[in-house]
Every structure is written in structure tokens, then in C-alpha cells.
Protein chains: 2
Amino acid sequence: MSRPDTADELRAHLDGRWAEIRDKGRHLLEELAELGAPSDEPYAGVWIEAQRVRTYEQLRVVAASGLPQLALPVEVGGGGDLGGAITGFEMLAMADLSLVVKTGVQYGLFGGAILHLGTARHHQQYLPDAMSLALPGCFAMTESGHGSDVASLRTTATYEPATQEFVITTPDDDARKDYIGNAARDGRVAVVFAQLIIADESRGVHAFVVPIRSPEGRPLPRVRIGDCGLKAGLGGVDNGRLWFDDVRIPRENLLNRYGNVAPDGAYSTPITSPNRRFFTMIGTLIQGRISIAAAGASATKVALTIAIRYAGVRRQFTAPGSDGEVVLLDYLTHQRRLLPALARTYALHFAQEELVSRAHEAFTISPDDVEFEAEDWDVAQHKDELRRKVEARAAAIKAVATWHATATIQACREACGGAGYLAENQLPQLRADTDVFTTFEGDNTVLLQLVARNLLTAFRSHLGELDMLSTIRFVADTAAGTLVENAAAHKLVQRLRDVGPGRDEDTGPLDRAWQVAMFEWRERHLLETAARRLRAAGASKDAFAAYTATQPHLLHLASAYADRLLLEAFMAGIETAPSSVRPLLDRTCDLFALSTIEADRAWFAEHGRLSAHRSKAVIAAVDARCRELRPQASLLVDGFGIPDACITAPIAQPR
Amino acid sequence: MSRPDTADELRAHLDGRWAEIRDKGRHLLEELAELGAPSDEPYAGVWIEAQRVRTYEQLRVVAASGLPQLALPVEVGGGGDLGGAITGFEMLAMADLSLVVKTGVQYGLFGGAILHLGTARHHQQYLPDAMSLALPGCFAMTESGHGSDVASLRTTATYEPATQEFVITTPDDDARKDYIGNAARDGRVAVVFAQLIIADESRGVHAFVVPIRSPEGRPLPRVRIGDCGLKAGLGGVDNGRLWFDDVRIPRENLLNRYGNVAPDGAYSTPITSPNRRFFTMIGTLIQGRISIAAAGASATKVALTIAIRYAGVRRQFTAPGSDGEVVLLDYLTHQRRLLPALARTYALHFAQEELVSRAHEAFTISPDDVEFEAEDWDVAQHKDELRRKVEARAAAIKAVATWHATATIQACREACGGAGYLAENQLPQLRADTDVFTTFEGDNTVLLQLVARNLLTAFRSHLGELDMLSTIRFVADTAAGTLVENAAAHKLVQRLRDVGPGRDEDTGPLDRAWQVAMFEWRERHLLETAARRLRAAGASKDAFAAYTATQPHLLHLASAYADRLLLEAFMAGIETAPSSVRPLLDRTCDLFALSTIEADRAWFAEHGRLSAHRSKAVIAAVDARCRELRPQASLLVDGFGIPDACITAPIAQPR
């Protein structure tokens, strides 16, 4: 047990020349800690409450606008327009992200769970009050011990035939519901995800409506409610924790679209595979994921608008051979910080718009869908395959959109210097509020692995036995053909191919066909090699070690897939654009494509696809496109159409 | 003027299928904005004040400890231990960064300016009260219009021989002093940087002691004080704005170490070159820059401690072929997020320790230094060259340490998922507080350009006329010799060379000599090519365009220089370590060196220094070192010696 000694020796070595001061410092730190509870703690509580009150005030205005109700079916008073609802979220995110998340919890998660997992009786009972805000609700899925791995949740719902009730139980603190929006202050009921247990047999995760507060706002008996307190951002959202000490709810409170319990305890389901049932249930909650991607994109647009307007007027240092000071955006380093991110934001905009359209077609609930009886299942199932595809796309775009938001808003903060650190200039709030977007509605790292799995499954089903010969054939097929799924982009790529991209070194990096070929080749190669590596891993003695070694490869594959979706969507967006803006969009698309290739140029070089010479040419082309787009930067952010009311930062006001 | 129309067409195209919803959304956003002042605004003010009160309470405890006074000379009651003072800041930063910055403003900036820019009479008049906190002071350098470009400040100090007074004037809002710590609430005096004007002639930037508040805390006549309000973080620091409406101060309030004004207005200075005088004055303020690097490193250590402890117990998903759930840190992706950052933190620790030692030797004020008379200048000047070198090193390390803090704390937040977003787990505060470190005490992008300039100046003076022949000779010299400045590292590198690194492909990437050769070759090549490009730029018709095109190259050069300093310091730190920890440090150093090469492997490939095969070997070696260090991760964070009192995060507590 030499371990503690080793730590001490290590510490002593690191303490170095001023070890004595470091020890004195450690004593001081303990003394500071002993000052007791910080004197600002009560004020933190007051500040949190004030923010929550404000967000709730705003939520009433939003509810009155009718926008968030668009997602719900016409039959229960909604708008029957899923795409419109997500677009509404996107717009709200230009103003206040606490408000967006609070709206999302109430309408997307709580309302969405009732809609998608419940049946007509639940819709009639809960949706009108959910829509009017008369019934604030929670979506209680995540537990302290299980966030991403929802199938392993440990809260139980045990059926008692004698009373026709479910007993909801939190077995221990690790299974408490955690980070639940609307729980700490406003929620009156919660949709609780729990393992359904009938006669000692587990039926997997199902959702239940559980009242948690009285109409006066007091926690109900046997429900304990905690407050997650101050967070990095999203101060207006009342995240809380829930414990259920054997709470009894009537049998009818099971949201029984995908699994029903008869009075005698007989279990029935339209989807007999528990695994497939679970993923179908989870899949219906896609609206939240797409909305978060949209909200991240809107926040990015606001941040870029502020940083680019400031960079267009702020001057620092005098140019050599000139008297005047230089505008920040004239520096190449400053262009490099902002313009590739702006180009990628355009790509995401078009990809997001396409995703929303696809989700709208696949997930809009029709009257046929909601009158669930087990024998009607075939009717409800016809959209199944369409939905699986949209899910993979949504997961990929959510991951790259939210990471892009984190990185870009941070770049905007730094590009605005000290001014970017002041709350009055909006960037701190945007940065803090969006930070958790990479984690919630599916942790990005987990999502991208799911995307990679989906791609591999499709690949495997194409390959059948996955023997080497058919692998080679598949790769040859796709090399000759195309991976393009987007119809407009498909035509475009075909047209580019007809002109002929030539050999790599014959065409410049501004050749769109070359760019597309690079994106496609990367995805294809990563897919094929991932399949090979996973097959080898399956045969390995230490399967886990072999699997985890492939993780970075899988993440890379999923990112390459997402990048390809973005490029295709951007190209399709250019094709339908009015001629006045087409050349501008075309140059912006170049910057997106080239900066994406540039960021991954080491990989292209390692795989023999980019010579040193060509690699340097890509860097030079990114520099050149930055310079060319610099005069159009402010036009590009104006195109986002952010209302003046949303740009309050003093540094971004017209001078 | 088709511009507004184009923006409209662009917006209409982006609005796409749900254009109507987007317009409805825009109206809603305007309606929300019209709700008027947010209802939480007064509470924000209360919250800010509570945090400031708390930090001031803590500052009193710190002042009583004697630590921050260490930097000041023994003659005025200080400790005469600059290195100890900076180490004290480093330790404080494990607890509370608002407190560190507030301490830094009072002792490092305000006290430091009096000490370094003032003479004995200022020391006696101000330092005892500054040290006891009886006289809270500000350091009023930055203006709204000029942050990084201090030489262009526009506040004026005009001398009036008739009254023997300076008149301090803020010409317009762009010249107001901005982001000034201690200004909004506590400061009683400010050291104000202003253009000294005597008889209509400008003598450049000088520093003046200007009272701003009465002993009762009321702003003095003709001084206007504003509050910067809420910031992203550092809530306990009262940043403010200052305007001077012709404020009169006595002649003696000029801090006259580097420039004096006689009663009749005659100006005298020991440094006749205004440019050199300016940089000498600024150079003495190096303590703040080094302290911020130290504070960033401490915050990084706290964040890594939390994230690595959590990753060692948190389980998610079941391993294939196993019943148990997998601990997060067993996933390669999770190791990749945290362990290379941990290795770099070790490198920074040793580099920082070495920097502090060098600064201690070069900047400790002796009694000889402080009794300034113009004729004594030679006495004060003997450390000049030493100081210039420390300045370049400090600038480079400050930039890379603070960027590393921002990136690593963010990675830790994401690695802790939703738990990382809760204030109780400390990461949000660490992230928000350190965010501005990349900007203040010198914007990182500006600092790295200064570093590159310094390196080029040294290169040029070596080259003399910079003709091509001598360029080639220099490159040959340094290729044969070494760039290593660190004596211990120098011996090591020599020893490694004696064994012989062989040709690249003969040695594995774990060969330290190969790693060192890669770091050195990169820096040397970037230096030589930067010199060539700048010479070409100087001859260009559009000098600014040519210059700005070289900016990314210069930043790359400065980073490569910083990386080399880190590697040398790490190697020297291993050499002096006890044998029990040497193997562990050695593997950690490998991970630092290899992940650094990996991150820049595209550049190495483009410059013919890394084959595709070797490049993949580097990636595999990083993976392997991550796996090997995984069982030692918790030992490595224990080595930081962070007191238990500073790790309050529930997720990081022993279970």
C-alpha cells in the first residue's frame, strides 16, 4: 500500500522551491473554508427565484401566442403542425434560452410524452390543460445514476391487481429523478419513466402520469422534491429532484400506447420485442432533440451577429504604413475565428430546415394514430421506417449543432475581448445557457455512437454476411454511385460528376465536385474500416477493450456522416435560392466545405487522399475565401433575420 | 444601394417552408421585449452586491495572512519574495477566483504599479495602507476604445506649471477607463494611465495616482464612476468605469520612476527612447501576467480533480459479455477527453514553476533599485536583458496556460454530463471565472504575436543583414546544436543525442529524443519561414494585406515556442524527481509530447516530417499511453495537493 506515500512524494516534488508558501496557502484555504456558509448564499436563492418568476411570466405570453401548441393535434385544440412548432422554438431561442427550455419541458417533453406515449383518454384529460398552462408538468426520465442509459433506470412501478393501482418507488438515492425541469417550483404532475413490474416480472421502461403537487403548489404525500439550485445557466428553469416513497396511482395513469395492463394484470403490447418497444417509445420524443438543435443554432446566430457587427467597427492597432487604426475584421486571424463558423452555421441552417421537414412528414400525429387499440397497430406502424431514418439524422445534427454552438459562442466571446465578458453584451448568457445542450436530450458522445451503429447496421444489412468479397463490392458500388440521399443534392452531384471532377490534382480545391468527393470518400472509408475493426473486435479475447479502442473511429464516422448531410443540404439550399444571393451562398458553401476538410486534413493525408501540396492549397483557399467573404459578413448575419429587439448588446448597436 | 434588398432576399430564402411561423415568431419576440424591464433586474443587483461583500470579507482574511504582501520589499513592510507572492496567488486560485482577482488588483496591479512605477516617496506614502487594505486601489489602464493597444490610450494628464498640478481628462466616452477592478464599489484611489502633456507636447503614457472616492466611499467631485454590472463570472470583483472631468492632482502624484516633471515643467527620463520607456514601464507589470497563468493552472487542476474522481466511480452502460456497468474512465473516449489535458497540466506546472523562479531573480526589487535618481539609472538597468527574456516567456506561457484552462475546464464539464452543469459541482464557476483569463493581462492572440516578434528579433540580430546565405547558416547551426535554453533540459537533450535518435523511422514515437527533435524542428522551421515571409511582406505593395496573411503563421510559431518550453521544463522536472515517481512522470511526459505532436500532425505531414505510417503510430501511441495512465489518473490528481476544503463538489466526494 505505497499509494498514499507516492502521492505525497509526487506532491512534495510538485511543490518545489516555494513548498513552504504552498503549505501556508493550504492552511489559508482551510481557514477561508471555515468562515462558514458564504454570506451570499441566501441572496443566491432570491436571485434564482427572481429568474424563475420572470421566465414563468414570459411563458404565459408565449402560451397565449399559440406557437408552442402547434405541435399538438387539431383534435385536442392544437395546430397539427409539428414543423411549425419546432420552427417556433427556433425563433424563441433568439430571445431567451431559459424560456425556450421551459417551453420545451411543458410542450415538447411533458405534452409530447402525453401525446406520443398516451392514448385518446390521456389526450383529452391532460392536453388542453397542458396547453393553457393550467397544468404545468414534468418529464421525469433521468435518474442520478442513469442519464444516457435510459433502459437501465431503476425507479419501479409495481402493479397491484387488488387495488388496480401502480406503486411508484424510488429504491435509493441513485434512482432519484434528477435535473427534472419544472420539478423544483412549478410542476403539478410528472410523466415518470419506471420499470413496469407485474407479478414480479419486469416489462421494461414505461411512462406513468404521477401527480406531485397540490393545486396550491404543496408537494403531495410520499413525494419528496429537491431543488438542483444554481446552474451554469438557464437560471429561469426550475430543475429539481424527485423521490417517490411508494406513491399509488390508478391503472389508467399508465401511458399505454405501446404497452397496456388489463385490470387483472395481463400485459399486452403491439410491439412484442422489448428492445424494439423501448426504442420506439424513446423515438417518439425526437421533437425535443430537434428543437434543441434548432435552439443551439439560433443562439449561435445571435452570437455571430453580435461578434461580427462589433468586429466591423472596433479598431485596434495601426496598420504599417497607415495613420488609421485597423478594424478587427480586417485581420486574417479575426476572420479565421468567425467566418468559417458563420459558414458552418449556414450549412446547419439548411440541414436543420430539411430535418424539420422530414420529421414533420414522419412524426405528425394523425387521428388514425391516436385511437390506439392493439389490433390497429399496423395502421400506426406505416411510418416506422421513415422514422428510424429521421432519428439517426436528428441525432447526428443535434450533436454537431450543439458542439458548434458551444465552440462558436465561445469564439465570439473571445473575439469581443473584455466586452464579450460583460452580461450587457449577451454573450455570457448565450454561452452559459447553451452549454448543457451538448449533454441533454442525449449526450453528444452517446448520440454519435448510436448514429455510427445505425450506419453500420445499414451497411451490414447491405452486406449480408459481411464477407470480404461483398465488402469490396459495396465499396466499389458506392464509389461508382453516391451516398447522397437528398434528392436536390443528388441531382447536383450528378451534374458535377458529368462535367467530371478529374483527378484530385487536376482540380482546384474550389471545385465543388472535389469537395463532395472528399466528404463522401471519408464517410465511406470510415464506415468500411469501422465494420472491419468491429468484426475483429467481436472475435477478440477482450471484447470490451477491443470495442472501446474503436470508439474514436465510430465518433469520427458519425461526424463525417453529419458533415456530409450538411454539405448536401447547403448545396440544395443554393439550388433553390434566388439568383441575387446564389453567388454569395456558393462562396459561403466553399468556406464551409474547405474549412471542414482543413480541420480533418491530417486524416485525409494519413489515408493517402491529400498530398502535402494539396493540403497547403486547402489552407490557402480557406484564407482566400475568408478574405473574399469579409465584406459580405454583415450581409450574411443580416440574412438570419434576428429582430432588433433580440440584439440588445451595446457593442452591437449601429454607431 | 441594393444591399438592404439582398439581405431581405437572403432572409426570405432562409425563412423557407415555415416563413409564416418565423414572422409570427418575430412579432412574439418584439412583444416579449415590450414586457419592459425584466422583473429580475433589481434582484440581479442585490445578488451582485452580496457576492462583492463576500469577496471583500474573504480579502480581509487573505490580507491578514501576509501572503499577498510577500511581493513588496522588506523596507516598506513586505516580504521581499516575488516568487512566494505568485505562488500564494496560485494557491488562492484553488479556492475562489473572484478572491484571487480582487487580491491581484489590490496587491499585484495597484500595489505593483506604485512599487514599480513610483519612487521611494510613493512607496512610503501608499504601500503600507495598500498592504493593510486601508487604501483600496484601482489600476486604471484599459479604456473602452483601447484595450490591447495601451500606447494609444487617449486619457490626458496636462501639466500646469502655475499650480504645479496635472489635469486628468477623459476626452470622450471611448476614452473612459473600462473594466477597472475595485472601481465600482471599493476603490479609493486609482493609478491612472494617461498621455502626459507638457506645454502642448505629448510625452507618452505615464501613470498617476488619482483619488476617486472620499473616505466615506462617495465619488469625488469631477470623477464619474459607472458599474460594469453582471459578468460571465468573477461576480465578487467590482469592475467599473471611470470618467475624469478635468480632475486636478498635485505634481507629486506622477509615478516618476521612468519619467519626471520638474516644477517648471521640465521633463527628464532615464530612458530617452519613448518606445523603450513605454515597454520598460509595461514590462514591470509582469507579475499580474504570471499570476493569471498560475491561477488558470490551479483552476484547471481543481476541475481535473473533480472530473477524474467522478469518472473513476460513475458507471454507464454494460460492457459486452459482462453483467457490470462500465466505469466512465474505462472508455477510451473518456480517457481521451481528460488524460492528455492532465499531462499538459503537468507540463504547465513545471514550466510555470521555472518561470516564477526566473521572474523572481529578474524582478525582485532591491533597495538599490528604488532610490531613483536619473544618474543612478545604470544601477537599475543591470537586469534589463534578463527581464526581456522573462517577459517573452511569461507572455507565451500565460497564453497557452489560459487557453488550456478554458478548454480543459469545458472538457471536464462535458465529461461530467448534467452533473457538471450544476453549481454545486464547482465546474460552472471555474469555467465562468477563468473565461476572461484569455483576454485580460494581455489578450492571448496579441501576446502570441508579441512573442513571435521577439523570437524574430532575436533571429534577425543573429542574422545581421538577414541575407539568404546567413539564413541558411543559422538554420544549419541550430539544427546541429539546439534551441534548448533550460540548463537541466539541455544536458538531458544532449545525453539523448549522444545515444543517438537515429532516423525518424528507426525510433518509436516513445523515444524522447525523437519527441524533442520534433518540437525543436517545428519551432525552427516556423521561425525561419516566418522571417522569410515577413521579409517578402515588407517588400509587398499592400504591406498590411501581406502582414495579416502571416498572422496565423506567427501564432503557430509562438505556440510551438511555448510547447518547447513546456517539454523542456517537464523533462527537467523529471530529472530532479524522486525515483518513486519518475517512471510515472516519464509516461505522463510521453502523453504530453505525443498528444501535442498528434494535434499538429497535419502540419508535420505537410512539411515532410511525418509519414502517414508514422502519423498513425503517434495516434496509436497516445491511445496506448492513455490506457497505461488510466490506473494512475487519480494518483496524478492527488499529486496536485489540493486541500479537501477546496473540493466541495458532491460528485467528487469519496464514496
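Residues numbered from 1 in each chain as written. Chains lettered and ligands numbered in written order. Predicted model: local features only at pLDDT ≥ 70, side-chain atom pairs only at ≥ 80, totals over all residues. Heavy atoms only, no water.

Side note on the overall build of chain A
A tally of regular secondary structure across chain A gives 22 helices and twelve strands. Pairs at least 24 apart in sequence give 74% of the contacts found in chain A among residues at least 6 apart. For chain A, the accessible area works out to roughly 23,400 Å², and carbon and sulfur atoms hold 53% of it. (Helix = DSSP H or I, 4+ residues; strand = E, 2+ residues; numbered from the N terminus. Contact = heavy atoms within 4.5 Å. Areas by Shrake-Rupley, 256 points an atom, 1.4 Å probe, with all protein chains shown as cover.)

Some details on the confidence of the model for chain A
Residues and elements named next belong to chain A. For chain A, per-residue confidence averages 89 on the pLDDT scale, and 89% of positions sit at 70 or higher. In this model, residues 370–377 is a region of pLDDT below 50 whose contacts with residues beyond four sequence positions or in other chains number 15 contacts. Across residues 465–484 the pLDDT falls below 50, and counting only partners more than four positions away or on other chains, this stretch makes 35 contacts in the model. We note a pTM of 0.93 for the whole complex and an ipTM of 0.92 for its interfaces. (pLDDT = per-residue confidence, 0-100.)

Side note on the interface of chain B and chain A
Taken together, the contact pairs 146 residues of chain B with 146 residues of chain A. For the pair chain B and chain A, the summed buried surface comes to about 12,400 Å²; carbon and sulfur atoms form 62% of the total. Where chain B meets chain A, there are 14 salt bridges. Across the pair R601 of chain B and E606 of chain A runs a salt bridge, and its minimum N-O distance is 2.5 Å. (Buried area = accessible area lost by both parts, 1.4 Å probe. Salt bridge = Lys/Arg side-chain N within 4 Å of Asp/Glu carboxyl O.)

Focus: the relation of the copies chain B and chain A
The two copies are related by a screw motion: chain B maps onto chain A through a turn of 180° and a shift of 0.0 Å along the axis, at an RMSD of 0.0 Å. On the angle and the small slide along the axis, the relation comes out as a two-fold axis. Minimal C-alpha separation from the rotation axis in chain B is found for A602 of chain B, amounting to 2.1 Å. Mapped onto chain A, 100% of the interface residues of chain B are again interface residues, and the two copies thus contact each other with one and the same surface. (Least-squares fit on C-alpha atoms with pLDDT ≥ 70 in both.)

Quick look at the nonpolar core
One finds F193 and Y346 of chain A together with F193 and Y346 of chain B to be the most contacted residues of the largest nonpolar core, which totals 358 residues. With 16 residues, helix α18 (residues 543–575) of chain A is the single largest residue contributor to this core. (Core = buried A, V, L, I, M, F, W, Y, C linked by side-chain atoms within 4.5 Å. Buried < 20%, exposed > 50% of the residue type's maximum accessible area, 1.4 Å probe, protein only.)

Side note on the pattern of salt bridges
Residues and elements named next belong to chain B. Counted under the stated rule, the structure contains 91 salt bridges over all chains. Here E165 and R248 are joined by a salt bridge, their closest N and O atoms 2.8 Å apart. Remark: R248 occurs in strand β8 (residues 240–250) and E165 occurs in strand β3 (residues 165–169); sequence separation between them is 83 residues. Judged by its relative accessible area of 22%, E165 is partly exposed. The closest approach of N and O atoms between R532 and E528, which form a salt bridge, is 2.5 Å. Of the two residues, R532 and E528 are both situated in helix α17 (residues 512–538); the distance of four residues between them amounts to about one turn of the helix.

Examining the packing of aromatic side chains
For the structure on display, the rule yields 24 aromatic pairs over all chains. Between F519 of chain A and F592 of chain A, the ring centres sit 6.0 Å apart and the planes meet at 55°, which makes this aromatic pair tilted. Here the residue F519 of chain A occupies a position in helix α17 (residues 512–538), and F592 of chain A occupies one in helix α19 (residues 582–599), the gap between them amounting to 73 residues. Residue F592 of chain A is classed as buried on the basis of its relative accessible area, which comes to 0%. On the basis of an interplanar angle of 65° and a centroid distance of 5.0 Å, the ring pair of F139 of chain B and F193 of chain B is categorised as edge-to-face. Here the residue F139 of chain B occupies a position in strand β1 (residues 137–140), and F193 of chain B occupies one in strand β5 (residues 189–198), the gap between them amounting to 54 residues. Looking at F139 of chain B, the relative accessible area reads 12%, which means it is buried. Look at F193 of chain B and you get buried, because its relative accessible area is 1%. Taken together through their ring pairs, the aromatic side chains of F350, F519, F570 and F592 of chain A make up a single cluster. The ring of F519 of chain B has R522 of chain B lying over it, and the distance from NZ or CZ to the ring centre is 5.8 Å. (Phe/Tyr/Trp six-rings, centres within 6.5 Å; stacked < 30°, edge-to-face > 60°. Lys NZ or Arg CZ within 6 Å of the ring centre and 35° of its normal.)

Here we look at the side chain of R277 of chain B
Residue and element names in this part refer to chain B. You can see R277 is positioned in helix α7 (residues 274–283). Buried R277, no salt bridge; nearest opposite-charge side chain is E201, N-O distance 8.6 Å. Other than its neighbours up to four places away in sequence, R277 contacts R203, H206, Y258, Y267, T269, I271 and T272. (Lys, Arg positive; Asp, Glu negative; His and termini not counted.)

Examining the environment of A617 of chain B
Mapped onto the elements of the fold, A617 of chain B is located in helix α22 (residues 612–629). Using a relative accessible area of 26% as the deciding quantity, one classes A617 of chain B as partly exposed.

A look at the state of the cysteines
Each disulfide consists of one covalent bond between the sulfur atoms belonging to two cysteines. Residues and elements named next belong to chain B. For the coordinates displayed, the defined rule picks out zero disulfides over all chains. Cysteine C589 remains unbridged, with the sulfur of C626 as its closest cysteine sulfur at 14 Å. Given a relative accessible area of 0%, C589 falls into the buried group. (Disulfide = S-S within 2.5 Å.)

Overview of helix α2 (residues 19–34) of chain A
Residue and element names in this part refer to chain A. Spanning 16 residues, α2 covers 23 Å between terminal C-alpha atoms, matching the ideal 22 Å at 1.5 Å per step. Within α2, burial applies to I21, R22, G25, R26, L28, L29 and L32. Along the axis of α2, the buried residues cluster in a sector spanning 165°; they form a single face. Along α2, the residues that are exposed and aim more than 90 degrees away from the buried face are E20, H27 and E34. (Expected span 1.5 Å × (residues − 1). Arc of directions from axis to C-beta.)

Thoughts on a negative patch on the surface
On the surface, a cluster of negative charge is contributed by E30, E31 and E34 of chain A together with D644 of chain B. Take E34 of chain A: it is sitting in helix α2. (Patch = residues over 30% accessible without salt bridge, like charges linked within 9 Å, V, L, I, M, F, W, Y side chains within 5 Å. Charge placed at Lys NZ, Arg CZ, Asp CG, Glu CD.)

Details of the packing of helix α4 (residues 82–92) of chain B against helix α8 (residues 286–311) of chain B
Residue and element names in this part refer to chain B. Where α4 meets α8, the axes come as close as 8 Å, and the angle between the chain directions of the two elements is 35°. The handedness of the crossing between α4 and α8 comes out as right-handed. Two secondary-structure elements touch here, α4 through L82, A85, I86, F89 and E90 and α8 through Q287, I290, S291, A294, S298 and K301. Residues of the contact of α4 with α8, tallied by class, amount to six nonpolar, three polar and two charged. (Axes fitted to C-alpha atoms, helices over the stretch in contact; angles between N-to-C directions. Left-handed = near helix turned anticlockwise from the far one by under 90°. Nonpolar A, V, L, I, M, F, W, Y, C, P; charged D, E, K, R; others polar.)

Examining the pairing of strand β5 (residues 189–198) of chain A
Residue and element names in this part refer to chain A. Among the ten residues that make up β5, ten are buried, leaving the element largely enclosed by the rest of the structure. Summarising the sheet, strand β1 (residues 137–140) and β5 pair through four bridges and their orientation is parallel. Within the sheet, the bridge partner assigned to F139 lies in β5 and is V191. Strand direction decides the pairing type here: strand β2 (residues 156–160) and β5, joined by three bridges, are parallel. By the bridge assignment for β5, T156 is matched with Q195. (Pairing = 2+ DSSP bridges.)

Brief notes about unusual backbone geometry
All names here are of chain B. Even without glycine at this site, Y179 takes up a positive phi of about 60°. With respect to the helices, strands and loops of the structure, Y179 is situated in strand β4 (residues 177–180). For Y179, a relative accessible area of 25% puts it in the partly exposed group. For N182, which is not a glycine, the phi torsion comes out positive at approximately 75°. Note on placement: N182 falls in the loop between β4 and β5.

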